[in-house]
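Examining the three-dimensional arrangement
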Amino acid sequence: MLARTSTRRSAGTPAPHLLAAGAMALIGTSVVASSLLPHYPYAGGQALRYGGAAVILLPLAARRGPRVAVTAGDLVRLALLAATGMVGFNLAILAALRTAEPAVPGVFIAASPIVFALVAAVRGGRSGGRRRPLVAAALVVAGAAVVQGFGHSDLAGLGWSLLALVGEVAFSAQAAPLLPRLGAVRVAGYGCALAAVEALAAGLVMDGGGVVRLPTGVEAAGLAWLTLPVTVLAFLAWYTALGRLGAARATLYSGVTPLVAAALAPLLGTGRLGAGQLAGAALVASGLLVGLAGPGVLDRFRVRRPVMLPAARCDAASVGERARWR
């Protein structure tokens, strides 16, 4: 009971919401860093990114209070998290971009809130309170689609984009059961360490001995940004928020990522801000309002009706208070 109460209170404070929004905003800046690495071996770059993050996160995890035993089941889940939500996710996007416009995998990835909202709706039945996350997720996804556009693709591009969506969902779904016991720092650190090994193995298959090379100055800057803000800071913030908000609410903030990417596009010369981006931002904001405001806020706008309490429940001194408002 105490654990549930503290969780609810922490979810109601601004901190986890700011962490979730900040994490998705940082991930949105990855388009800038990735634009600096067009010729660097992709899998090798991911291995360096996750390996560098692990070097920072693992010592932090070792200093996080009492030692927590990692079971074989934990290792399996962490390995799946790294393979699907980290390495597989990035490789699926790379494969999708060979035959699809960038907007196509972007729209698929933005659909992750719908997946978690559907799961929440199925678990909660048909109650109105369970429909709110679904409506909110639909608004966020619609806004992300408007911001990015829908683009063109063949079947292969659609298939790889669907796999990218699976990886996006796995990034949160595989981590959620681990967070209460291991904590955000350990999940992020162990996940990045395993992802570095898996990315290096994939790179050896794809690129052979050229999987890793000495980066140029510009490439080093791109890798450093992907390692520190986009991986270390964003992963810590995201997993902390995920543990406090739950997946259905936290993933609504994924709509922030395409907004940041769209805002940065003019700086990269790859796009411009227009009416579509502003309309998409309004839809994302509406989805966040619906999904995160909670019934207590929305109930203020309902028409209240007077309710007369039975006379047997009122004494003579409270006759004037029989009319109560619901």
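A short tour of the structure in this document, coming up. Keep in mind it's a predicted model, so treat the numbers as computed, not measured.

Parameters and conventions
Residues numbered from 1 in each chain as written. Predicted model: local features only at pLDDT ≥ 70, side-chain atom pairs only at ≥ 80, totals over all residues. Heavy atoms only, no water. Helix = DSSP H or I, 4+ residues; strand = E, 2+ residues; numbered from the N terminus. Contact = heavy atoms within 4.5 Å. Core = buried A, V, L, I, M, F, W, Y, C linked by side-chain atoms within 4.5 Å. Buried < 20%, exposed > 50% of the residue type's maximum accessible area, 1.4 Å probe, protein only. Phe/Tyr/Trp six-rings, centres within 6.5 Å; stacked < 30°, edge-to-face > 60°. Salt bridge = Lys/Arg side-chain N within 4 Å of Asp/Glu carboxyl O.

1. Brief notes about the environment of G222
Within the secondary structure layout, G222 lies in helix 11 (residues 217-245). Counting along the chain gives 192 residues from G222 to S30, while the straight-line C-alpha distance between them is 8.8 Å. What G222 contacts, discounting residues up to four positions off in sequence, is A33, L36 and L37.

2. A closer look at the nonpolar core
Core analysis: the biggest nonpolar cluster contains 56 residues, and V187, W238 and Y239 have the highest contact counts within it. If we skip the residues at most four places from it in the chain, Y239 touches L81, M86, F171, A175, L179, A184, V187 and A188. If you look at the next biggest cluster of nonpolar residues, it comprises six residues, including L37, Y40, L223 and L226.

3. Brief notes about the packing of aromatic side chains
Inspection of the entire model under this criterion finds four aromatic pairs. On the basis of an interplanar angle of 35° and a centroid distance of 6.5 Å, the ring pair of Y50 and F235 is categorised as tilted. Residue Y50 is found in helix 4 (residues 42-62), and its partner F235 is found in helix 11; the two are separated by 185 residues along the sequence. Relative accessible area serves as the criterion here: at 4%, F235 is assigned to the buried category. One aromatic cluster is present, formed by Y50, F171, F235 and Y239 through successive ring pairs.

4. Digging into the pattern of salt bridges
Tallied over the entire structure, the rule returns two salt bridges. Note that D74 is salt-bridged to R181, the shortest N-O span being 2.0 Å. Of this pair, D74 sits in helix 5 (residues 72-96) while R181 is found in helix 10 (residues 179-207), placing the two residues 107 residues apart along the sequence. Judged by relative accessible area, R181 falls into the partly exposed class, the value being 40%. E219 is the salt-bridge partner of R213, the closest N and O atoms lying 2.8 Å from each other. Among the residues examined, R213 registers a relative accessible area of 32% and is labelled partly exposed.

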